[in-house]
Amino acid sequence: MSLAQVHYTSAAPGDEGTAGRFTAVGAGVSGALLAEIEPLLRHELPEGFPDRPSDDELRSLPQSFTYAALSDGSRLVSRSAPVRETGGGAGPGVRFHAHAVHLPPGVPLPGDRLPVEAWRSPHWVAVTPGGAIPDPLTLPPGPAAVSEGLDDFAVSRGPWLAAVLADLRRASDAEAAEGRPVVLVERQCADVARWLGLASVTLPRESAERLTFTTYTRRPGSSAVRVAGVLPEDAEAARAAGLRVHACAGQAPSGGGTDDVWATTVARIWRSRSPELFREARELPGEPFAAGPLAVTALCAGIALGPDERAAAAGWAADRPYALDAKRTGQLVEALTSPGIDDRTGPEFDAAGRLFGALEGRCPAPVTAPLAAMLVTEAVRGGNGSLELPRREAFVGPEGAAVTERLGPEILTELSDTTGSRSVARTVQLLRVARLLGVDGTDSLPGVVGRLAPALLAEAAAATTEAAADEGGAGAEGPPGFAPALLELLDEQFEVRTALLGALDRIAPQDPGAVARFLERVALPFTGTQALPHLRMCAEVPAAMATLGGDRAAVWHRVLRAAGLSPFAEPLVLRTAVGLVWEDRAPTVEEARLLLDAATSDSHRVAGTWARLVDAALGASAAEPSPTGTPSAGTHSIASSTASPDGAAALAHDLLRGFPEEIGGRERAGLLLLDLVRELRTGAPDPDWAETVRTLCAQAEPVEPALRERAHAALVERLLAPDRPGAELYAFVHGDDAELIAAYDRTARTETVRTRLRTQPAYAADCFTVWTAHPHAGKAWPPVAAALLDEVLRPAVRAMSAEDVAEVEATVGRTGSSGRADAFRTWNRSSTLGRLGRRIAGRVRRG
């Protein structure tokens, strides 16, 4: 089919107000299309060109070769070239002539050539044909641009090759039709055409046909093409317009330029002068721009690739183990395992491991043996803990024996090393490789497991803490990174599983909470015949707490049953159970009593749980019943316990008897203080109560506030009782202890004491005697006694009947002296007179 042609030339000198005109238009090109075509054909010469250029200067001016898509689906291929002005006038002496070929929708160039192949066609003309234009006129393509010097050009543009081809691929996408052009900066517009020639060979046919372009323009931002070539002097303006610019005419860029693996593979093939490989790669299955088929083809052809490209090749082949014949499979394995490669990465080894797994059993052992050897060598020497290791059967032949001989001593040396730190993943990997190669590590196993067990807990805890920090306080829920390999190790090696579980069970009593948290994230297989009482308890506690909620006693019983051992037979199960249930807090007094009664003192002594019982007693709440059973004023709860204080005192008494050698220091003083509280409330303590309380508080420093408050309360309550010994009261008053006297003052002001004063004349008489008997006893007592007389006793006496007041007076006289009775009458009369005086003053004011 013949194609319509269009000729366009710039305005002649003296033609004011016109940019150019069509000099010839072939049949079938409508006026509407000509309006769309005209901007594509205009040619703007570079700045600074001479007014009257020489022939060499004229030939050096850029030519614009354009391939554009039109709105009706047709396309235009054109060349705009500068020509010398032969007419008269004062013009610059240079104009341009554009020659274009119109391609209707679906119609290719003759020979089904791509547009870029017409770049060097000899049929492009710089003058309008004279006379009638042949209609239609054909344009057979000339020598293909891809056949002349593209290999040399690709090598010369090596630093830019991958980045430019990556952008040209993206520009050829169907979705990129509305995108802004990629700008290629070259000194010669022919080099822009060569870039497009590289793309036409590299890209699939449909992508290459979508790649519209112009090899030269002064205004790339307004170009309706996907690729635009500019001269170096116009590059900055293109950057300022926000376009993607590749300055291929300047200094070579540093670095690789792109992370597009497909593009870097294409670049390596071009630099190896092997463009025929693109056709071979298209015959392999895969996405059009997948790097795998290209990388496999290049490696099989002996082209050296980088680690990302090798990883892509191995990954592609692993997903399609039947896509390659035996010859190319062997070539690929040989290329991947070449001893000259020293830049392999983790992803590449992972892909190689997947390839080995896909080929194992499908290919002869000599083909896959190099892969197996490379993988285990990397596992030992490279420290890659994420590798998918081969199966043991891969190392039974002579190749496996050679690998074992080379790596076995290194494995044993590292496993036996007790200095420095070795990660869990590294230890697990070494143990797995040792088994694969048949290396006997029996002698080193106890030491290895002894270091591995605590490292498991430490690394898991560190991973949780790090995840919590990254997530704003929420800890990681999933297993740590080493978990899959660890579980595979335990599944593969019975002796390692037995030793490791035993080691974890032995260290569980030291930190059962950490072991329990670890087991929640890593489900270790301990369902066999090993006893493992502590591990079983640690595994049971989450379900027990979820089921029984806040009933810690019930949780403790259930966890203890999971051990399968009695605390009498194995006291350490006590420590594990207590650590699991009360990890971060002390038991309540009731819970401590349960623990104490659950085992003998010898069992608690061996387990060390007696210390938790001491904490429970010393940390009990200060809330306690007053002398009549109502809470004392001024007391408050310090701990979370709801235990009765009498229970804490009784617990302290039993602990002092059960662990006399173990409890010492401030804890012993604190328990003795609690025991004194018990005796003050229920028995007959030894003399010198106040001094004993002061001494024990000093020995228990820093004493818990609740304990100090309880001891003071018990002492002053006993001193406020009617039957308190006079000697103890005298010693208390004259001890001049401001803190104890303040506690006495607070208790004397409670409603319990006030009620007793109002209803028991004998008690009121006794308090009057005490509060008036020691007017010069130090500095703390006199003001407190005077205040109690005026603010506590006086209101109580005022509320009594006359008979009760008389009984108080008589009792004061019987228990004291006649002078004491006179003192009471005087004290009481002054209060009465004061009351009468206040009444009279009130009446006067009202009058």
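Data block above holds the structure.
Structural notes, computed from the coordinates. In this text, all values refer to a predicted model and were calculated from it rather than measured experimentally.

Conventions and cut-offs
Residues numbered from 1 in each chain as written. Predicted model: local features only at pLDDT ≥ 70, side-chain atom pairs only at ≥ 80, totals over all residues. Heavy atoms only, no water. Core = buried A, V, L, I, M, F, W, Y, C linked by side-chain atoms within 4.5 Å. Buried < 20%, exposed > 50% of the residue type's maximum accessible area, 1.4 Å probe, protein only. Helix = DSSP H or I, 4+ residues; strand = E, 2+ residues; numbered from the N terminus. Pairing = 2+ DSSP bridges. Salt bridge = Lys/Arg side-chain N within 4 Å of Asp/Glu carboxyl O. Phe/Tyr/Trp six-rings, centres within 6.5 Å; stacked < 30°, edge-to-face > 60°. Contact = heavy atoms within 4.5 Å. Axes fitted to C-alpha atoms, helices over the stretch in contact; angles between N-to-C directions.

Here's the deal with the nonpolar core
- Of all hydrophobic cores here, the largest spans 222 residues; its most connected members are L486 and W771.
- In this structure, V6, L70, L76 and F96 belong to the second largest nonpolar core, which totals 17 residues.

Some remarks on the pairing of strand β3 (residues 64-69)
- Counting buried positions along β3 yields 5 of 6 residues, so the element is predominantly enclosed.
- Alignment of β3 against strand β4 (residues 75-84), held across 6 bridges, turns out to be antiparallel. Note that in β4 the partner of F65 across the bridge is R79.
- The antiparallel hairpin formed by β3 and β4 contains 5 residues in its connecting segment, where G73 sits at a positive phi of about 90 degrees.
- As paired strands, β3 and strand β7 (residues 213-214) are joined by 2 bridges and run antiparallel to one another. Looking across to β7, one finds that Y67 is bridged to F213.

Some remarks on the pattern of salt bridges
- Following the criterion strictly, the structure yields 50 salt bridges and no others.
- Of the charged contacts in the structure, one is a salt bridge between D234 and R218, with a shortest N-O distance of 3.0 Å. Residue D234 is found in the loop between β8 (227-230) and α7 (235-240), and its partner R218 is found in the loop between β7 and β8; the two are separated by 16 residues along the sequence. Comparing D234 with R218 shows no difference in burial state: the two are buried.

Quick look at unusual backbone geometry
- In this structure, P702 follows E701 across a cis peptide bond, with omega equal to -5 degrees.
- Note on placement: P702 falls in the loop between α29 (689-699) and α30 (705-719).
- Even without glycine at this site, L532 takes up a positive phi of about 45 degrees.
- Along the chain, L532 falls in the loop between α20 (512-521) and α21 (533-548).
- For L532, a relative accessible area of 6% gives the class buried.

Section: the packing of aromatic side chains
- Evaluation of the coordinates by the stated rule reveals 16 aromatic pairs.
- Ring centres 5.8 Å apart and planes at 50 degrees place the aromatic pair Y67 and F213 in the tilted group. Of this pair, Y67 sits in strand β3 while F213 sits in strand β7; the two residues are 146 residues apart in sequence, bridging distant segments of the chain. Neither Y67 nor F213 differs from the other in exposure class; each is buried.

What about the sheet that holds β7?
- Read across the open sheet, the 9 strands follow the order β2-β1-β5-β4-β3-β7-β8-β6-β9; overall the sheet is mixed. For this open sheet the edge positions go to β2 (20-25) and β9 (244-247), each flanked by a neighbour on one side alone.
- Both strand β1 (residues 5-10) and strand β5 (residues 94-103) contribute to a ladder of 5 bridges, which runs antiparallel. From the neighbouring strand, T9 faces β5, where its bridge partner is H97.
- Along the sheet face, helix α4 (residues 158-171) touches β6 (182-185), β8 and β9 and points at about 150 degrees away from the line of β9.

Points about the side chain of H534
- With respect to the secondary-structure elements, H534 resides in helix α21.
- Non-local contacts of H534, meaning those with residues more than four positions away in its chain, are made with D505, A508, P509, L572, V573 and T576.

Notes on the side chain of T747
- Within the secondary structure, T747 sits in helix α32 (residues 738-748).
- T747 sits in the buried class, given a relative accessible area of 9%.
- Residues within four places of T747 in sequence aside, it is in contact with V716, E717, L720 and V753.

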